[in-house]
Amino acid sequence: GLALGYSLLGHGPDPPEDAYIRAKAAALRALELDPSLAEAHASIAQIKLYQDWEWDAAKKAFQYALSFNSSLADTRAHYSWYLQLFGQTEEALAEMKRAKEADPLTPLWSAWLGWQLWNAGQFDEAINEANKSFELDADFTVGFFVAGSAYASKGMFEEAIKLHKRAGEIDPNWKFALALTYAMAGQNDEAEKILAELEAAYSTWNTLFIAQIYSVLGDKDKAFQWIEEAYEKPSHPYMPWIKNMPAFKRLQNDTRFNELLQRMNLPVIEDPIM
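Definitions and limits used
- Per chain, residues are indexed from 1 in the order of the written sequence.
- Residues qualify for local features only when their pLDDT is at least 70, as the model is predicted, and side-chain atom pairs are given and counted only at 80 or more; totals for whole chains, interfaces and linings, by contrast, use all residues.
- Side-chain measures were taken over the full set of non-hydrogen atoms in the model, leaving aside hydrogen atoms and water.
- Each helix is a run of DSSP H or I of at least 4 residues and each strand a run of E of at least 2, with the numbering of both proceeding from the N terminus.
- Only C-alpha atoms enter the radius of gyration; for comparison, a globular chain is expected to reach 2.2 Å times N to the power 0.38, where N is the number of residues.
- Residue contacts are counted whenever heavy atoms from the two residues lie within 4.5 Å of one another.
- Residue burial considers only the protein chains on display, and all accessible areas are found by Shrake-Rupley using a 1.4 Å probe.
- His is not counted, nor are the chain ends; Lys and Arg add positive charge and Asp and Glu add negative charge.
- Charged side chains are reduced to one point each, which is NZ for Lys, CZ for Arg, CG for Asp and CD for Glu.
- Helix axes are fitted to C-alpha atoms over the stretch in contact, other axes to C-alpha atoms as well, and angles between N-to-C directions run from 0 to 180 degrees.
- An angle below 35 degrees is treated as roughly parallel, one above 145 as roughly antiparallel, one from 65 to 115 as roughly perpendicular, and anything else as oblique.
- Crossings are classed by handedness, with left-handed meaning an anticlockwise turn of the near helix from the far one by less than a right angle and right-handed meaning a clockwise turn.
- Ten residue types, Ala, Val, Leu, Ile, Met, Phe, Trp, Tyr, Cys and Pro, are classed as nonpolar, four, Asp, Glu, Lys and Arg, as charged, and the remainder, Gly among them, as polar.
- Under the convention used throughout, the expected extent of a helix is 1.5 Å for every residue step, that is, one less than its residue count.
- The buried label applies to any residue whose accessible area, calculated with a 1.4 Å probe on protein chains only, is under 20% of its type's maximum; exposed applies above 50%, and partly exposed to all values in between.
- Any Phe, Tyr or Trp ring, taking Trp's six-membered ring, that has another such ring centre within 6.5 Å forms a pair; planes under 30 degrees apart are called stacked, those over 60 apart edge-to-face, and the others tilted.
- Put simply, a salt bridge is a Lys or Arg side-chain nitrogen that is within 4 Å of an Asp or Glu carboxyl oxygen.

## Let's talk about the overall build of the protein
Here is step 1: The helix and strand inventory of the protein stands at 15 helices and zero strands.
Here is step 2: Relative to a compact globule of 274 residues, whose C-alpha radius of gyration would be 19 Å, the protein shows 18 Å and is just as compact.
Here is step 3: Of the contacts made within the protein by residues no fewer than 6 positions apart, 53% connect residues no fewer than 24 positions apart.
Here is step 4: Of the roughly 12,400 Å² of accessible surface on the protein, a fraction of 50% belongs to carbon and sulfur atoms.
Here is step 5: Taking the average location of the 25 positive side-chain charges in the protein and that of its 39 negative ones, the two points are 2 Å from each other.

## So, the packing of helix α10 (residues 157-170) against helix α11 (residues 176-184)
Here is step 1: Taken N-terminus to C-terminus, the directions of α10 and α11 make an angle of 165°; their axes are 8 Å apart at the nearest point. Judged by the angle between their axes, α10 and α11 are roughly antiparallel. Considering how the two elements wind past one another, α10 and α11 form a crossing that is left-handed. Contact residues: α10 offers F157, A160, I161, H164 and K165, while α11 offers A177, L178, T181, Y182 and M184.
Here is step 2: Residue composition of the contact of α10 with α11, grouped by class: seven nonpolar, two polar and one charged.

## Overview of α10
Here is step 1: Under the 1.5 Å per step criterion, the end-to-end length of α10 is 20 Å for 14 residues, consistent within 8% with the ideal 20 Å.
Here is step 2: All of the buried residues in α10 are A160, I161, L163, H164, A167 and G168.
Here is step 3: Elements in contact with the buried residues of α10: α9 (141-153) and α11.

## A word on the packing of α9 against α11
Two packed helices can be described by the angle between their axes and the distance between those axes.
Here is step 1: Closest axis-to-axis distance for the α9/α11 pair is 10 Å, and the angle between their directions is 5°. Here α9 lies roughly parallel to α11, going by the angle between them. For the pair formed by α9 and α11, the contact residues are F145, A152 and S153 on the first element and F176, A177, T181 and M184 on the second.
Here is step 2: Its residues placed into classes, the contact of α9 with α11 shows five nonpolar, two polar and no charged.

## Quick look at the side chain of T75
Here is step 1: Turning to its location among the elements, T75 is positioned in helix α5 (residues 73-85).
Here is step 2: Residue T75 is classed as buried on the basis of its relative accessible area, which comes to 3%.
Here is step 3: Residues contacting T75, with those up to four places away along its chain left out, are A42, F62, A65 and L66.

## Let's talk about the packing of aromatic side chains
For any two aromatic rings, the description comes down to two numbers: the centre-to-centre distance and the angle of the planes.
Here is step 1: Enumeration over the complete set of coordinates arrives at 26 aromatic pairs.
Here is step 2: Arranged with centres 6.4 Å apart and planes meeting at 75°, the rings of F209 and Y238 form a pair that is edge-to-face. Of this pair, F209 sits in helix α13 (residues 204-217) while Y238 sits in the loop between α14 (220-231) and α15 (255-263), and the two are 29 residues apart along the sequence. Neither residue differs from the other here; F209 and Y238 are each classed as buried.

## Brief notes about the pattern of salt bridges
Note on pairing: side chains with opposite charge can pair once their charged atoms come close.
Here is step 1: Taken as a whole and assessed by the stated rule, the structure comprises 16 salt bridges.
Here is step 2: E169 is the salt-bridge partner of R166, the closest N and O atoms lying 3.5 Å from each other. Separated by three residues within a single helix, R166 and E169 lie in helix α10, roughly one turn from each other.
Here is step 3: Residue classification places R166 among the partly exposed residues on the basis of a relative accessible area of 31%.
Here is step 4: According to the relative accessible area criterion, E169 is exposed, its value standing at 57%.
Here is step 5: One salt bridge in this structure joins R256 and D254, with 2.9 Å as the shortest N-O distance.
Here is step 6: By relative accessible area, R256 is classed as partly exposed at 30%.
Here is step 7: Three or more residues joined by partner-sharing salt bridges are found here, namely K48, D52 and E54.

Given below as structure tokens:
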């Protein structure tokens, strides 16, 4: 339980710097007591995925955990993100749906499924899944982020701005989303006001999102500067997924982008969009 708790903190907003150290210590102790404990293997898998970037070890730990307990919704959800990282989109979506089936009362799985659908360009389906999260929690921040992002990708900026304002009101850690949508809508002055606030008091959590805003604003150098901030340890927990993030599509024809992927031992983009 301690291992999973610290792992959960580790890939959320502004985690304790020693979150994964504590998670690993607790998980290894749990495995000493019971080598077949699925939850301990699940925690190791998250550490390998979000912190260590040891991809083969992460996959092995996820598969161990699910072999010992196939009904662990949290583990299926994180394994889904692993699969998406390596371009296995359909398998990832199927795994997230299994998480929902195993734990239908947790809104995060619907929101995360919507997030992955948004990344895959399936915007209407993403909005539908985000709306399902609101059936369980009317003020679910991740749901507002996902629905707003999908609306923005559809060019429906009025709806997107409304939803992202709400997300930032509920939890200031998600304020970046409104700036990103303003930038996509061409309302650069509004975007830059929020961007200045984020930069003035930035944390690891904001680094990757500041980079996204600069990317949409068209400032590649600033975007890469902040991506490098996100890369530095302790790294942003979402750093490995930069290839999946719509805001970074416009950076993919820059040689620096594939260099970053290579540094994380991830597959490079063979034919970047020019």
